[in-house]
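Breakdown of the fold
If you want the building blocks of each chain, they are given just below.
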Amino acid sequence: MEKRFKKLDALKKEVVPHRFYGADSADTLLIGWGSTYGVIKESAETMNQTGGSCSHLHLSQVWPFPIEAVSNAMKKAKTHSCD
């Protein structure tokens, strides 16, 4: 079991960081991963251009899940939606 946990620690060091776009505390947070990047970013930009307040959190990897980054972003938004 200890050997597995050591591997997980090493894996955490190689995680590709997430990308965040928009206001730090927008009204709406869109969360996505994989091929949804382009359409979600475009949707967030459209919302912001039409008077809304939207940010976009894109996860490059979902394992190990970046729970701290996601929970921090969700706490700052009034509403959120996951792809």
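The text that follows walks through the structure, step by step, so that each part is easy to find. (Residues numbered from 1 in each chain as written. Predicted model: local features only at pLDDT ≥ 70, side-chain atom pairs only at ≥ 80, totals over all residues. Heavy atoms only, no water.)

**Thoughts on the side chain of Ser55**
Take Ser55: it is sitting in strand S3 (residues 54–59). By relative accessible area, Ser55 is classed as buried at 2%. The residues touching Ser55, leaving out its near neighbours within four places in the chain, are Phe20, Tyr21, Gly22, Ala23, Ala26, Thr28, Leu29 and Leu30. (Helix = DSSP H or I, 4+ residues; strand = E, 2+ residues; numbered from the N terminus. Buried < 20%, exposed > 50% of the residue type's maximum accessible area, 1.4 Å probe, protein only. Contact = heavy atoms within 4.5 Å.)

**Points about the packing of aromatic side chains**
With the rule as written, the count across this model stands at 1 aromatic pair. For the cation-ring pair, Arg19 lies above Tyr37, with the distance from its terminal atom to the ring centre recorded as 4.7 Å. Above the ring of Tyr21, the side-chain terminus of Lys41 is found at 4.9 Å from the ring centroid. (Phe/Tyr/Trp six-rings, centres within 6.5 Å; stacked < 30°, edge-to-face > 60°. Lys NZ or Arg CZ within 6 Å of the ring centre and 35° of its normal.)

**Digging into the nonpolar core**
Most often, soluble globular proteins keep nonpolar side chains buried together rather than apart. By size, the foremost hydrophobic cluster in this structure holds 7 residues: Leu29, Ile31, Leu57, Leu59, Val70, Ala73 and Ala77. For this core, the elements supplying multiple residues, two or more each, are strand S2 (28–33), S3 and helix H3 (67–76). Those residues within four positions of Leu57 in sequence are excluded, and the remaining contacts are His18, Arg19, Phe20, Leu29, Leu30, Ile31, Gly32, Ala69, Val70 and Ala73. (Core = buried A, V, L, I, M, F, W, Y, C linked by side-chain atoms within 4.5 Å.)

**Structural notes on a nonpolar patch on the surface**
Among the surface-exposed residues, Trp33, Val62, Phe65 and Ile67 lie close enough to one another that they form a single nonpolar patch of about 390 Å² accessible area. Along the chain, Ile67 falls in helix H3. (Patch = residues over 30% accessible without salt bridge, like charges linked within 9 Å, V, L, I, M, F, W, Y side chains within 5 Å. Areas by Shrake-Rupley, 256 points an atom, 1.4 Å probe, with all protein chains shown as cover. Salt bridge = Lys/Arg side-chain N within 4 Å of Asp/Glu carboxyl O.)

**A closer look at the environment of Leu30**
By the element assignment, Leu30 lies in strand S2. Separated by 11 residues in the primary sequence, Leu30 and Lys41 have C-alpha atoms spaced 8.6 Å apart.

**Topic: the pairing of S2**
Among the 6 residues that make up S2, 5 are buried, leaving the element largely enclosed by the rest of the structure. Taking the sense of rotation as the criterion, the β-α-β connection linking S2, helix H2 (residues 37–49) and S3 turns out right-handed. (Right-handed = clockwise from strand over helix to strand, strands pointing away.)

These figures come from the coordinates and say nothing about function on their own.
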